[in-house]
Amino acid sequence: MSVTPSAAVPAPAPCAPEDVRRVACIGAGVIGGGWAAHFLARGYDVTAWDPAPDAAARLRRLIAAAWPALEQLGLAEGASPDRLTVAATLEEAVAEAQFVQESAPEKLDLKRDLLARLDAAAPAGTVIASSTSGYPMTDMQTEAATPGRLVVGHPFNPPYLIPLVEVVGGERTAPAAVEWASRFYEAAGKSVITMDREVPGFIANRLQEALWREALHMVANGEASVAEIDASITEGPGLRWAVMGPMLTFALAGGEGGMAHMLDHFGPSLKSPWTRLEAPELDRTLYDAVVAGCEEAADGRSIADLVAERDRGVIDVLRATGRLPRSAEEATR
Ligand SMILES: NC(=O)C1=CN([C@@H]2O[C@H](COP(=O)(O)OP(=O)(O)OC[C@H]3O[C@@H](n4cnc5c(N)ncnc54)[C@H](O)[C@@H]3O)[C@@H](O)[C@H]2O)C=CC1
Ligand SMILES: C[N+](C)(C)CC(=O)CC(=O)[O-]
């Protein structure tokens, strides 16, 4: 289906982004559950829907596991896990929603149908965001009657701790819906990058995909183990990246000459790796090697142990880099 930007449909929102009180989370797995935890901690009423029979129990477990971290981050007034309602149907979940966050499995046909159903059921003008980690909204909004209100709001796991959300519309999204969603996420405590065009992988995933492609390549070739790959980041560049991104980090590699000297000095020698890199085949051998390597690296820690360890670590980093108050005293200053 070919559409032009002029086909964008204006999406009059039901309220100002700052006045939203009720959010619907559709799909309540790792990301939908993480979004629900975030919105609850920010004092919203959350209505969730997920077709899996065990979804409500899983969701409540995820929120309970996240809550200690959320308490450390600081809850909004009146915030409580009790403000979660698990709806029996999609229609019930979105009936009174002032914002909808879709976090269903990453399958294009499923997203297309689901977004069309959400569009049919949600109140007129309510903005609907997809957590998709890669599909362009242009490809997902094809079946919706009012595609102007559909945006991508791409989070990072876990959405209740990692501030970034990337917001971008499709060819038929109203620019007002993109702006509304960005303002809403900001009001909900997120750090927002609003993109003015669709880019494969958005920004951060495009960068992560390049890194991960090389990681898989090295495992496939026996050049590095899973543990070495992880240590190469956590003991190396990862420490700098929490403070400065890859650009400013490399500007410092040029000493007093900054990025210009860095490019003059290292640019020519980097040209070869940039052009020779290619994707590895994700065959069974590589699949098994990566899964076994992760089990070995976990060294007996369960997924729940690792989630708690990650949450503690991310909070420490947020504190250490001044994104969170370092103490209760500093918080009240
Ligand atoms: N896991 C991650 O690190 C990240 C995932 N995402 C995106 O978030 C979305 C969800 O991914 P995860 O939470 O990881 O997957 P998940 O597998 O943990 O959860 C998906 C949930 O959707 C439910 N579901 C199945 N069919 C559905 C339907 N028709 N309607 C509504 N819900 C349905 C499942 O029962 C399940 O609870 C995907 O679009 C993914 O690309 C985005 C950022 C990070
Ligand atoms: C693995 N992933 C592509 C689903 C990851 C993301 O989309 C963002 C993240 O949490 O890193």
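Remember, it's a predicted structure, so these values are computed and weren't measured experimentally.

Draft legend 1. Seen up close, unusual backbone geometry. Cis rather than trans, the peptide bond between asparagine 157 and proline 158 has omega equal to -5°. By secondary structure assignment, the location of proline 158 is in the loop between strand S6 (150–154) and strand S7 (164–169). Residues other than glycine seldom take positive phi values, yet phenylalanine 202 does so here, at roughly 55°. A residue is classified by how much of its surface remains accessible, and phenylalanine 202, at 3% relative accessible area, is buried.

Draft legend 2. A look at the packing of helix H2 (residues 55–73) against helix H13 (residues 303–320). Their axes nearest at 10 Å, the elements H2 and H13 cross at an angle of 10°. Taken together, the axis directions place H2 and H13 in an arrangement best described as roughly parallel. Seen from H2, the contacting residues are Ala69, Gln72 and Leu73; seen from H13, they are Asp311, Ile315, Leu318 and Arg319.

Draft legend 3. Spotlight on the site of ligand 1. The local shell around ligand 1 holds 23 residues, among which Ile31, Asp50, Glu106, Lys111 and Ser133 are the closest. Interatomic distance of 3.1 Å between a side-chain N/O atom of arginine 58 and an oxygen atom of ligand 1. Here ligand 1 loses 74% of its free accessible area of 830 Å² to cover by the protein chains. Secondary-structure elements contributing two or more residues to the shell around ligand 1 are helix H1 (30–41) and helix H4 (108–121). Split into classes, the residues belonging to the shell around ligand 1 amount to 11 nonpolar, 8 polar and 4 charged.

Draft legend 4. Fine view of the side chain of aspartate 119. On the secondary structure map, aspartate 119 appears in helix H4. Within the structure, aspartate 119 has its side chain in polar contact with the side chain of threonine 146 (distance 2.3 Å).

Scoring rules and cut-offs
Residue indices begin from 1 for each chain and proceed along its sequence in written order. Whichever chain is written first becomes A and whichever ligand is written first becomes 1, with later ones labelled in order. At least 70 in pLDDT is required for a residue's local features to be given in this predicted model, at least 80 for side-chain atom pairs to be given and counted, and no such filter applies to totals for whole chains, interfaces and linings, which use all residues. Note that the side-chain values use all heavy atoms of the structure and ignore hydrogens as well as water. Runs of E in the DSSP output that reach at least two residues are strands. Runs of H or I that reach at least four are helices, and both are numbered from the N terminus. For every residue, the accessible area obtained with a 1.4 Å probe (protein chains only) is divided by the maximum for its type, and the residue is called buried under 20%, exposed over 50%, and partly exposed between those limits. Note on definitions: angles span 0 to 180 degrees between N-to-C directions of axes, and those axes are lines fitted to C-alpha atoms, for helices only across the stretch in contact. For classification purposes, an angle smaller than 35 degrees is called roughly parallel, one larger than 145 roughly antiparallel, one from 65 to 115 roughly perpendicular, and anything else oblique. When checking whether two residues touch, look at their non-hydrogen atoms; a contact exists if any pair is within 4.5 Å. Here, proximity means that at least one heavy atom of the residue falls within 4 Å of the molecule or strand. Polar contact criterion, stated in full: a pair of N or O atoms within 3.5 Å, where within protein one must be able to donate a hydrogen and the other to accept it, and residues adjacent in sequence count only if both atoms are side-chain atoms. Computed with the Shrake-Rupley method and a 1.4 Å probe, the accessible areas treat only the protein chains shown as cover for residues. Charged residues are taken to be Asp, Glu, Lys and Arg, nonpolar residues to be Ala, Val, Leu, Ile, Met, Phe, Trp, Tyr, Cys and Pro, and polar residues to be all remaining types, Gly included.

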